[in-house]
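Descriptive analysis of the structure
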Amino acid sequence: MKRRNTPAKSTILTLLKDAGTALSQDMIEDKVKGEMDRVTIYRVLNSFCEDGITHRILADNGKYYFALCLNCGQEKHDHNHDHFHFRCTKCEKVECLDEEVTLTLPQGYVKQTISSWVTGYCNNCS
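Residues numbered from 1 in each chain as written. Predicted model: local features only at pLDDT ≥ 70, side-chain atom pairs only at ≥ 80, totals over all residues. Heavy atoms only, no water.

Turning our eyes to something else, we now look at the sheet that holds strand 6 (residues 115–120). With mixed pairing, three strands are arranged side by side in an open sheet as 5-4-6. Of all the strands in the sheet, just strand 5 (94–100) and strand 6 have a single pairing partner and so form its edges. Each strand of the sheet is rotated relative to its neighbour by a mean of 30 degrees, with strand direction disregarded. Of the pairings in the sheet, the one linking strand 4 (residues 83–88) to strand 6 comprises six bridges and is parallel in character. Across the sheet, the residue bridging to Phe 84 is Ser 116, located in strand 6. (Pairing = 2+ DSSP bridges. Helix = DSSP H or I, 4+ residues; strand = E, 2+ residues; numbered from the N terminus. Axes fitted to C-alpha atoms, helices over the stretch in contact; angles between N-to-C directions.)

Here it is in structure tokens:
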């Protein structure tokens, strides 16, 4: 389904592109400083997930972070490989780590996805 473009969508998409990292809804709210309300941001982020524009990552701190998808579409999110995410506990930067995760499961188990977190200090905060 083709959705109409709105100023809120354009603003949030630009923020995600310019950030170069995953952002939480709180981080986006801080950046727009009252230009739009919390509900609008929530709806835009959910529509981006449904349309394959972003993917949602649940962090170890209980917050959802949103990152731009590279090769996804409305039917399926395809992130090419299972990987770890890194969250800086000082600046809250969240990023995907390129190292692929491998895991051997017991016989009869079938893996769908792996999503794990590493927390610490990023290269700017260490």
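On the surface, Leu 103, Leu 105 and Tyr 109 cluster together into a nonpolar patch covering about 330 Å² of accessible area. Locating Leu 103 in the fold gives a position in the loop between strand 5 and strand 6. Exposure remark for Leu 103: the relative accessible area of 55% places this residue in the exposed category. (Patch = residues over 30% accessible without salt bridge, like charges linked within 9 Å, V, L, I, M, F, W, Y side chains within 5 Å. Areas by Shrake-Rupley, 256 points an atom, 1.4 Å probe, with all protein chains shown as cover. Salt bridge = Lys/Arg side-chain N within 4 Å of Asp/Glu carboxyl O. Buried < 20%, exposed > 50% of the residue type's maximum accessible area, 1.4 Å probe, protein only.)

One way to put it is that helix 1 (residues 7–19) packs onto helix 3 (residues 38–50) with a least axis distance of 10 Å and a crossing angle of 70 degrees. In this view, helix 1 runs roughly perpendicular relative to helix 3, as classed from their interaxial angle. Where helix 1 crosses over helix 3, the handedness of that crossing is right-handed. Here Ala 8, Lys 9, Ile 12, Leu 13 and Leu 16 of helix 1 lie close against helix 3, whose contacting residues are Thr 40, Ile 41, Val 44, Leu 45, Ser 47 and Phe 48. For the contact of helix 1 with helix 3, a count of residues per class yields eight nonpolar, two polar and one charged. (Parallel < 35°, antiparallel > 145°, perpendicular 65-115°, else oblique. Left-handed = near helix turned anticlockwise from the far one by under 90°. Contact = heavy atoms within 4.5 Å. Nonpolar A, V, L, I, M, F, W, Y, C, P; charged D, E, K, R; others polar.)

This part is about the packing of helix 2 (residues 25–32) against helix 3. For the pair helix 2 and helix 3, interaxial distance at closest approach is 10 Å and the crossing angle is 125 degrees. As far as their axial angle goes, helix 3 and helix 2 are oblique. Note on packing geometry: the crossing formed by helix 2 with helix 3 is right-handed. Contacts from Gln 25, Asp 26, Ile 28, Glu 29 and Val 32 of helix 2 reach helix 3 at Arg 38, Ile 41, Tyr 42 and Leu 45. Along the lines of polarity and charge, the residues of the contact of helix 2 with helix 3 split into five nonpolar, one polar and three charged.

Distances and angles like these do not, on their own, reveal function.
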